[in-house]
Every structure is written in C-alpha cells, then in structure tokens.
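A structural walkthrough
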Amino acid sequence: MADNQENWLKHLPKEILDGIQGNYLDSYMVALEGWRRGLTLKWHIKDHEKFKDLKTWFVDEPGQLFSLSNGEKVHYFFRTRGDLITNEAVEIGKSKQKTKEYLEKANVKVPEGKEFNEESTIEEIKAYAESLGYPVVVKPTDGSFGRGVYTNVLSDGELEFSVQNLREQLNTDRIIIEKYVDGEDFRLYVIENEVVGAMKRIPPNVVGDGKHTIRQLIEQKNLIRQDNPRLINCQIKINNELKDYIGRHNLSLDTVVEEGKQIFLSKKCNISIGGDPIDVLNDISPDAKQIAINALKAIPNMSHGAVDLMVDRNGQAYVIEVNATAQIGGLLFPIKGESRDIPSAIIDYYFPETKENKGNKSQMFFDFYDVLDPLFNHEASSTTVTPAPLGKVFAKKYIVTGDVQNMGYHRGLRKQAFERELHGYVMSVEDEGIEVVVAGLDPEMVDDFKNGLYEDPERSEVEEVREEPYDGFLNVGFEIKLDLKTQINEINDYKKQLERLDLEIKKEEKKRRKFKQSFSWKVSSPIRLFGAIVKRIK
C-alpha cells in the first residue's frame, strides 16, 4: 500500500485534521469549505433551531450539526447532508427495500430480490433462494457499514446460518434475499446531474513480500492506514470472521505470502472494516455514471448523495444502495488516484453565489474541538466560529531573542495582533527566545507588527528580531502556545494546588467530626429536631 498523500487536496493537510475522525471528519470538511468562502458558520446541539425537524441520529455529542449563512439565507447540515434533502428521501434511502421499489419503478437496474419478515419461515426463504439460483446475498432491510451483510452465499446451509445470525445476533426481523452480482464494488457521489466523485472499494487485503506472515502484513498495513485521515479508524481487525475466511483458502495468520501476491481477507468491500478506496472518476464508464444519476433522481427530493454500484463482468451496473448521509472521506483520501473535492461541490450547490470565493483555499482553519467547547460544556446551544479572512492572506514569522518569556508579554502580543486584525501564535523556543507568526489581509499590518514586539519594555527586553516568510497553516485567532517545559510546570502547579485543597478539605472534615462528637452538639439535638418538625408543619 503506497503512500498517496501527494495526490490529496493541498488545502486539507493532515495537520489540521488531526484527531477528527469518521462522521466528524465529514462534517468538519464541509463546514470548513463554507467558512473559508466567507459564510457564517455556527455549530449546534441536538434539536436546536431547525434541527428539531430534521432527520438525524447519534448526535447527543456536538460536532455533526452545523449551519451556514450568507446573511440572506441559512442552510442546515447534518454531516454531509443539507436541508434541501427531505426527511422522506432520507427514510427511503435508509430502507433497502423501499429504495429498491423506487429504483425499479424508475427502471434503474437492481439485483433481483425479495424482502422477508419475522413470520417468514426458513423453508420459504430457502425456496426463494433456490428459485433465484445460488449464490445469493443476505442482508438486513435497514443497515449500514456492511453490518449483517452476507455475500456470495452458496448453499442452503450457509443461507440458514446467515438468516439465523441476523435474527438472533442482530435482532433483525426484516431480511432481503437477492441475487449475488459477481463484479466490482463502486461508490459514486452525485449532485443533481453530475457525478463529482467515484471510488472503487476493494476488500481488506495484504500483498506478500516473501518474508512476513499475514498477521505481520496486517499490522504493517494498519500502521500505514493510520496516516490516512479517513482510514485511521478503519483498521483491519483480526477476528474469527477473518480467520475463517482465509482458512477456507488454506491460509492462516502465520502463513508467509510470496512476494507480490495479493491475499484478500474478506468478501466485504466496506472501507469501515478495512477496505481500500481507489479513485476511479476518470475511469468508470459513462453508462455507470448515468445509472448513478438516474438512481438519485428516482428518490424524490434527494438532490445529492452516494450511490453504491456493483458492476458485473459484462460491464452492467446494478444499484445496491442510495445514501443521503454518506461518508466522503474515501473520495478525499484515496490510497490511489486523485482526491475529489466533494465539500466544494456541496457548497457550490447550496451557495452558488460563493463560487467566486472558492479559490480562497487559504492557510487559515479553525480548531474543531476548541470551537465546540461551549457545546460540550453545556454553556450554549450554538456557537459561532470567528469569521475567516476572505482574500489573499499575508503571513510572516518573527524569531525574537532576549528576555521575552514573560507570559504577560505574550498576552500583550496577542492584544497587539487583535488590534491589527491579525491571526497567528506566539510560542517559546530554545535559547530563551520566542517564535511569533502573524497573518492577515493587510501586508502593512503584518510588517508593522514588528514594531509591536518592542513596545512592552516593562515585561520584556528584546535583543534581536529576525524575519522569515511563513506559508504554513494557521488557526484563526491568536494563540499563546506553551512549550513542553512550561506545560509541565503548569501541571505541577495544578497538582500542588489540588494537594493543598485536598489537605484543607481533610482538615475541615476532621473539625466537623470533632464538633459532632462534642457535648454541645449532643445536648442541642432535641432543639434541632423540634425545629425540623416546626418547619414541616409550616
């Protein structure tokens, strides 16, 4: 698995996405795109404002609900889905059976299949599978991430095992049996009449080198996946399912695979369980793209979303699923091929008037978790992100030496930056110096900040200031970054304060116990009891 970072979008580097995973990553990338175009960005808690009327799930913690406004209109988003998609469309997409019915009405090809409920007997299900002809697919009517999906089921015995597992282990009543399509798995992202991204999903696999075992190859591949913002939490898990699968191919975790040989570890292609995303937007056939567009049109009021296809060996595409709230990380961070800017396409659709600002891929970003702090701490129902500088950003780094470690001096520099409408940070470095980076829309203010470095002689003694160009990414606002030594000292100070507080609490507790054992406390007991009775009567 080669490193493909050189083909990822330059305005979405790993450093600004650190710690943001899964659905939160999708939300952040769409929100960041709108914010960088000058839209007002607000994050919301569950059921706040219009979100009480939108279909959402798993949003008890903030970070997946946000709104964008241009001053005249506001759009609300749940992850990658905006409010132009109706709840009815979401409900249809969540049900594989309803989706299949709408697609069939629109003459969009889907695998032949049928839904069974809790009253259907295993004999009825077997009879239908036999009429279709093995192999078949067994899956729950409602589900995602490949959970409970059994593909390439070859016999009555496998079918019975799959159905029993769904009913007993996953507590699933409604099950779909459909014809297995032997081919390649694709996800296409469609916005109205255009496919803006497409990836092929390959099942979890490793490639041998003639030296390492399958277990070791999995460990090596998982380390590489940790460098991918989408795949970091999509590791290949060694479990009974994986062991059974390779065991059926006369392999074990201790098998050493010959150099260059690819070993598949599962039949499922889902990225979440270790599948590989490969960009194929320029390679997939026009017919497959049109089928995806037609599939989206078949669902009323679903103007954008992901369409999952299976393309058989003859090139015929079948729609497997339509998802209005799809994850897009695999399209932005493929292991091979180009990154596709899905967030930009989504913002184009909701705010077409901002297309003139889409080139504003500045180095500015906002810290995801810092922004959400008021929501996590239950201090607010929504929080507005500081506006992004809209236009060309000028930045410079100043290396300052001398007696400049005073925290009061650093706070003064932050005040000077705010007065000049500059963003950046101050950070202590070795040799008793500091590094100051400032950025803004006015190059004169960036240059003038140098004068501000000398304007606090009471709390600093500046010996020398060196200037360097700066082209890195910057968090909006001005941050006072603490070096490791200062952080350790602050932690030790907090520990000492906690120890003193704990000692005071113990002293007060000792006094309280001593007082309760005193003669005066015992003598006054009847009086306190009488007073309590009087209060209740009143």
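Our subject is the structure listed above.
In this report, we go over the structure that sits alongside the text.

Calculation criteria
Residues numbered from 1 in each chain as written. Predicted model: local features only at pLDDT ≥ 70, side-chain atom pairs only at ≥ 80, totals over all residues. Heavy atoms only, no water. Helix = DSSP H or I, 4+ residues; strand = E, 2+ residues; numbered from the N terminus. Buried < 20%, exposed > 50% of the residue type's maximum accessible area, 1.4 Å probe, protein only. Contact = heavy atoms within 4.5 Å. Areas by Shrake-Rupley, 256 points an atom, 1.4 Å probe, with all protein chains shown as cover. Lys, Arg positive; Asp, Glu negative; His and termini not counted. Charge placed at Lys NZ, Arg CZ, Asp CG, Glu CD. Patch = residues over 30% accessible without salt bridge, like charges linked within 9 Å, V, L, I, M, F, W, Y side chains within 5 Å. Salt bridge = Lys/Arg side-chain N within 4 Å of Asp/Glu carboxyl O. 1 Å grid on protein atoms, 1.4 Å probe; cavity = no way out; pocket = protein on both sides within 12 Å on 5 of 7 lines; lining within 4 Å. Points joined across faces, edges and corners; volume = space filled by probe spheres on them. Nonpolar A, V, L, I, M, F, W, Y, C, P; charged D, E, K, R; others polar. Phe/Tyr/Trp six-rings, centres within 6.5 Å; stacked < 30°, edge-to-face > 60°. Lys NZ or Arg CZ within 6 Å of the ring centre and 35° of its normal. Pairing = 2+ DSSP bridges.

Things to note about the overall build of the protein
Secondary structure summary: the protein contains 17 helices and 23 strands in total. Expressed along its principal axes, the backbone C-alpha trace of the protein runs to roughly 85 × 80 × 60 Å. Expressed as a percentage of the 538 residues in the protein, the buried residues total 48%. Excluding contacts between residues fewer than 6 apart, the proportion of contacts in the protein whose partners are at least 24 apart in sequence is 72%. For the protein, the accessible surface area stands at approximately 28000 Å², while carbon and sulfur atoms represent 48% of it. Positive and negative side-chain charges in the protein, numbering 75 and 89 respectively, have mean positions lying 7 Å apart.

Details of a negative patch on the surface
Taken together, the side chains of Asp403, Glu430, Asp431, Glu432, Glu461, Glu463 and Glu464 present a region of like negative charge at the surface. Examining the composition of the negative patch, we find that three residues originate from one element, strand S21 (residues 461-469), more than from any other. Locating Glu461 in the fold gives a position in strand S21. Classification of Glu461 by relative accessible area gives exposed; the value is 53%.

Quick word on the layout of surface pockets
In this structure, the second largest pocket occupies an estimated 1100 Å³ of space. If you trace the second largest pocket, you find 35 residues lining it, with Val149, Tyr150, Glu241, Leu242 and Lys268 closest to the centre. Of all the secondary structure elements, the ones that give two or more residues to the lining of the second largest pocket are strand S7 (150-153), helix H6 (156-168) and helix H8 (240-247). When the residues that make up the lining of the second largest pocket are grouped by side-chain class, the tally is 13 nonpolar, 14 polar and eight charged.

Considerations on the side chain of Ser67
With respect to the helices and strands, the residue Ser67 is situated in strand S2 (residues 65-69). The residues contacting Ser67, other than those within four sequence positions of it, are Thr40, Leu41, Lys42, His44, Val74, His75 and Tyr76.

A short note on the packing of aromatic side chains
The full count for this structure, using the stated rule, is 15 aromatic pairs. Counting every residue linked through ring pairs, the aromatic cluster contains Tyr24, Tyr28, Trp35, Trp43, Phe66, Phe77, Tyr349, Tyr350, Phe366, Phe368 and Tyr369. We note Lys392 situated over the ring of Phe394; from NZ or CZ to the ring centre the distance is 5.3 Å. Above the face of the Tyr425 ring, Lys481 is positioned so that its terminal group lies 4.1 Å from the ring centre.

Here's the deal with the pairing of strand S19 (residues 423-429)
Buried residues dominate S19, accounting for five of its seven residues. As paired elements, S19 and strand S20 (residues 433-440) share seven bridges and run antiparallel to each other. Bridging from a neighbouring strand, His423 pairs with Ala439 of S20. Between the antiparallel neighbours S19 and S20 lie three residues, among them Asp431 with a positive phi of about 65 degrees.

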